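# Close look at the chain arrangement
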Amino acid sequence: MKKIGLLGLCFALAATICGAQDVVGVVHGTVTKVDHGTNTVVVKTADGTEHTIKVTGQTTYKGSKEGFDGLKEGTEVVVHETGKGTEETGLEIGRIGKGGVKVSEGTIEKVDHGTKTVVVKSADGTEKTFVYTGEAGKDIGKGVGVGTEKGAKVTVYYTEETRKKIAHFFRF
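Rules behind the numbers
- Residues numbered from 1 in each chain as written.
- Predicted model: local features only at pLDDT ≥ 70, side-chain atom pairs only at ≥ 80, totals over all residues.
- Heavy atoms only, no water.
- Helix = DSSP H or I, 4+ residues; strand = E, 2+ residues; numbered from the N terminus.
- Buried < 20%, exposed > 50% of the residue type's maximum accessible area, 1.4 Å probe, protein only.
- Contact = heavy atoms within 4.5 Å.
- Polar contact = N/O pair within 3.5 Å; in protein donor to acceptor, adjacent residues only side chain to side chain.
- Pairing = 2+ DSSP bridges.
- Axes fitted to C-alpha atoms, helices over the stretch in contact; angles between N-to-C directions.
- Core = buried A, V, L, I, M, F, W, Y, C linked by side-chain atoms within 4.5 Å.
- Salt bridge = Lys/Arg side-chain N within 4 Å of Asp/Glu carboxyl O.
- Phe/Tyr/Trp six-rings, centres within 6.5 Å; stacked < 30°, edge-to-face > 60°.

### Structural notes on the overall build of the protein
Counting secondary structure elements, the protein contains two helices and eleven strands. Secondary structure of the protein in N-to-C order comes out as α-β-β-β-β-β-β-β-β-β-α-β-β. Buried residues in the protein amount to 37% of all 172 residues. A separation of at least 24 residues holds for 55% of the contacts in the protein among residues at least 6 apart in sequence.

Structure representation (structure tokens):
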């Protein structure tokens, strides 16, 4: 009987730990509100969902030299966010558009964790090779973890730096 009670306690503890972990995700949408008083930005996705993202001193920005001050209503962004429940915190925010983050869609052809590269084939058959960042590597890890390494449909959010395509976000 003690073993059953101990087993139940272990399951309860595991469920508590798993429930307390932060969930990391990618949000793509349009900025509808910027609040400098609370350091938050509201991003509305294509399906109408609004995400209130908390911005911290550790939040990094792609495609905007002004950082948080460069975010304006109507700006298209992609956000690498982490959170529990309704509390979302921006890890990275990328401004999509000219001089900012670019978007490419396709299927994964190859992932090389040694060189931190991924090859994505677009609908027209062209292949692009991306070098991925540490945060983007976590996205790849989640995709690989569910058996989607090759052939998975993916959206890549990237910048071009020194003639390389640097993937900052992946969305499966």
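### Description of the side chain of Thr 117
With respect to the helices, strands and loops of the structure, Thr 117 is situated in strand E8 (residues 117-121). Looking at Thr 117, the relative accessible area reads 17%, which means it is buried. A polar atom in the side chain of Thr 117 sits 2.8 Å from the side chain of Thr 115. When near neighbours in sequence (up to four residues on either side) are disregarded, Thr 117 contacts Lys 110, Val 111, Asp 112, Thr 129, Phe 130, Val 131 and Tyr 132.

### A few points about the pairing of strand E2 (residues 40-45)
Burial runs high along E2: five of the six residues are buried. Here six bridges tie strand E1 (residues 23-35) to E2, and the two strands are oriented antiparallel to one another. Following the sheet pairing, Asp 35 is matched in E2 by Thr 40. Of the strand pairs in this sheet, E2 and strand E3 (residues 50-54) are connected by five bridges, and their pairing is antiparallel. When the bridges of E3 are listed, Val 41 appears paired with Ile 53.

### Describing the sheet that holds strand E9 (residues 127-132)
Strand order in the closed barrel made by the five strands is E7-E8-E9-E11-E10, with mixed pairing throughout. Averaged over all pairs of adjacent strands, the angle between their axes in this sheet comes to 55°, without regard to strand direction. In this structure, strand E10 (residues 153-161) lies alongside strand E11 (residues 164-171), joined through seven bridges in antiparallel fashion. Across the sheet, residue Val 156 finds its bridge partner in E11, namely Phe 170.

### Brief notes about the nonpolar core
With 14 residues, the main nonpolar core has Ile 108, Val 118, Phe 130, Val 156 and Phe 170 as its most contacted residues. For this core, the elements supplying multiple residues, two or more each, are strand E7 (102-112), E8, E9, helix H2 (134-145), E10 and E11. The greatest single-element share of this core, amounting to three residues, is contributed by E10. When sequence neighbours within four positions are dropped, the list of residues in contact with Val 156 reads Lys 102, Val 103, Ser 104, Val 120, Phe 130, Ala 167, Phe 169 and Phe 170. Counting residues in each nonpolar core, the second largest holds eleven residues, with Val 43, Ile 53, Val 55 and Leu 71 among its members.

### Observations regarding the pattern of salt bridges
With the rule as written, the count across this model stands at two salt bridges. Residue Glu 160 pairs with Lys 102 through a salt bridge whose shortest N-O separation is 2.8 Å. Here the residue Glu 160 occupies a position in strand E10, and Lys 102 occupies one in strand E7, the gap between them amounting to 58 residues. In this structure, Lys 138 and Glu 135 form a salt bridge, with 3.1 Å as the shortest nitrogen-oxygen distance. One end of the pair is Lys 138 and the other is Glu 135, both in helix H2 and three residues apart, which spans about a single turn.

### Brief notes about the packing of aromatic side chains
Scanning all chains against the criterion turns up three aromatic pairs. Relative to Tyr 158, the ring of Phe 130 has its centre 5.0 Å away and its plane inclined at 65°; by these criteria the two rings are edge-to-face. Taken together, the positions of Phe 130 in strand E9 and Tyr 158 in strand E10 put the pair 28 residues apart, joining distant regions of the chain. Both residues of the pair, Phe 130 and Tyr 158, belong to the buried class.

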